[in-house]
Amino acid sequence: MGKLIVCDHPLIQHKLTFIRDMRTSTKEFRELVDEVATLMAYEITRNLPLQTITVQTPVAETETQVISGRMLGLVPILRAGLGMVDGVLKLIPGAKVGHVGLFRDPETLQPVEYYTKLPTDVQERELIVIDPMLATGGSAIAAIDVLKKRGCSQIKMMNLIAAPEGVKAVQEAHPDVDIYVAALDSHLNDHGYIIPGLGDAGDRLYGTK
Ligand SMILES: O=P(O)(O)OC[C@H]1O[C@H](OP(=O)(O)OP(=O)(O)O)[C@H](O)[C@@H]1O
Ligand SMILES: O=c1cc[nH]c(=O)[nH]1
Ligand SMILES: [Mg+2]
């Protein structure tokens, strides 16, 4: 069973409050999502392996550590996942970025795939699938399906807010995938929106409603 990790650092929780607040402007919402993505990237990379190298300081030679050549990839689920990519890239600038385009049909709540573009060596990379919202889990499961069909096996999921229903669905469909969230909310409403949530992440990022 994949783990659920709630990133409860005070800075993340503080910023998330203003992300949730409906009075927050589109500009501020985008900035805050970017900042929280950076802070979550710090947590999600906590277990990256290190290797020892030798460097010369101005006064002595010393053994010191660097991240050992891990190949990482970010896979934002379009459209809202894009809002978190730059924030993660600030800490992992060498990561390659693949895109999976999905939207959730408002009637059936089923994900509809419309675009996929992945790095050619994607199956060799440790991947972080990025989406602010994990609601029913349909979009996350579909995106991970796309990656596994391409031979990917090391996959983590990163969401701002998850519903228990979505976490359970992803854990059942993809028990090898750990899920990192800033908050685990109460439940989904009848329209599949996370309660209390933040509304429609894509619309709030891009001002489309
Ligand atoms: O867990 P689920 O029930 O699948 O819902 C979550 C999905 O819904 C939202 O995307 P949306 O369909 O609104 O597309 P958008 O990013 O283009 O706005 C969100 O960004 C997730 O991708
Ligand atoms: O609450 C939700 C659920 C799905 N997608 C969103 O953007 N928000
Ligand atoms: Mg949306």
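Residues numbered from 1 in each chain as written. Chains lettered and ligands numbered in written order. Predicted model: local features only at pLDDT ≥ 70, side-chain atom pairs only at ≥ 80, totals over all residues. Heavy atoms only, no water.

**Here's the deal with the site of ligand 1**
For step 1, the next point in the chain: Lining the immediate surroundings of ligand 1 are 15 residues, of which Arg-104, Asp-131, Thr-136, Gly-137 and Ser-139 lie closest.
For step 2, the next point in the chain: The separation between an oxygen atom of ligand 1 and a polar side-chain atom of Arg-79 is 2.9 Å.
For step 3, the next point in the chain: Within the backbone of Gly-137, one N or O atom sits 2.8 Å away from an oxygen atom of ligand 1.
For step 4, the next point in the chain: In isolation ligand 1 exposes 500 Å². Once the protein is present, 91% of that is buried.
For step 5, the next point in the chain: Contributions of two or more residues to the shell around ligand 1 are made by β6 (99–104), β9 (133–134) and α4 (138–149).
For step 6, the next point in the chain: Residue composition of the shell around ligand 1, by class: six nonpolar, five polar and four charged. (Near = heavy atom within 4 Å. Polar contact = N/O pair within 3.5 Å; in protein donor to acceptor, adjacent residues only side chain to side chain. Areas by Shrake-Rupley, 256 points an atom, 1.4 Å probe, with all protein chains shown as cover. Helix = DSSP H or I, 4+ residues; strand = E, 2+ residues; numbered from the N terminus. Nonpolar A, V, L, I, M, F, W, Y, C, P; charged D, E, K, R; others polar.)

**Here's the deal with the site of ligand 2**
For step 1, the next point in the chain: Every residue close to ligand 2 is listed here: Arg-104, Met-133, Ala-135, Gly-192, Tyr-193, Ile-194, Gly-199, Asp-200 and Ala-201.
For step 2, the next point in the chain: Between ligand 2 and the protein, one listed contact pairs an oxygen atom with a backbone N or O atom of Ile-194 at 2.8 Å.
For step 3, the next point in the chain: Residue composition of the shell around ligand 2, grouped by class: five nonpolar, two polar and two charged.

**What to know about the packing of aromatic side chains**
Each aromatic ring pair is specified by the distance between its two centres and by the angle formed by the two planes.
For step 1, the next point in the chain: Applying the stated criterion across every chain, the model contains one aromatic pair.
For step 2, the next point in the chain: Relative to Tyr-114, the ring of Phe-103 lies with its centre 6.1 Å away and its plane at 35°, an arrangement referred to as tilted. Of the two residues, Phe-103 sits in strand β6 while Tyr-114 sits in strand β7 (residues 111–117), which places them eleven residues apart along the sequence.
For step 3, the next point in the chain: Phe-103 sits in the partly exposed class, given a relative accessible area of 42%.
For step 4, the next point in the chain: By relative accessible area, which is 45% here, Tyr-114 ends up partly exposed. (Phe/Tyr/Trp six-rings, centres within 6.5 Å; stacked < 30°, edge-to-face > 60°. Buried < 20%, exposed > 50% of the residue type's maximum accessible area, 1.4 Å probe, protein only.)

**Things to note about helix α2 (residues 26–44)**
For step 1, the next point in the chain: An ideal rise of 1.5 Å per residue puts 27 Å on 19 residues; α2 measures up with 26 Å between its terminal C-alpha atoms.
For step 2, the next point in the chain: Listing the buried residues of α2 in full gives Phe-29, Leu-32, Val-33, Asp-34, Val-36, Ala-37, Thr-38, Met-40, Ala-41 and Ile-44.
For step 3, the next point in the chain: Against α1 (10–20), α3 (82–89), β8 (126–130), β10 (155–162), β11 (178–184) and α6 (201–206) lie the buried residues of α2. (Expected span 1.5 Å × (residues − 1). Contact = heavy atoms within 4.5 Å.)

**Re the UniProt feature "binding site: 5-phospho-alpha-D-ribose 1-diphosphate" (unreviewed entry) in the protein**
For step 1, the next point in the chain: What UniProt calls "binding site: 5-phospho-alpha-D-ribose 1-diphosphate" (unreviewed entry) maps, in this numbering, to Arg-79, Arg-104, Asp-131, Pro-132, Met-133, Leu-134, Ala-135, Thr-136, Gly-137, Gly-138, Ser-139 and Asp-200.
For step 2, the next point in the chain: With respect to the helices and strands, the residue Pro-132 is situated in the loop between β8 and β9.
For step 3, the next point in the chain: For Pro-132, a relative accessible area of 2% translates into the label buried.
For step 4, the next point in the chain: Following the sequence through the fold, Ser-139 ends up in helix α4.
For step 5, the next point in the chain: Residue Ser-139 is classed as buried on the basis of its relative accessible area, which comes to 19%.
For step 6, the next point in the chain: Excluding anything up to four places from it in sequence, Ser-139 contacts Ile-77, Leu-102 and Pro-111. (UniProt positions renumbered as here; feature names shortened; annotations may be inferred.)

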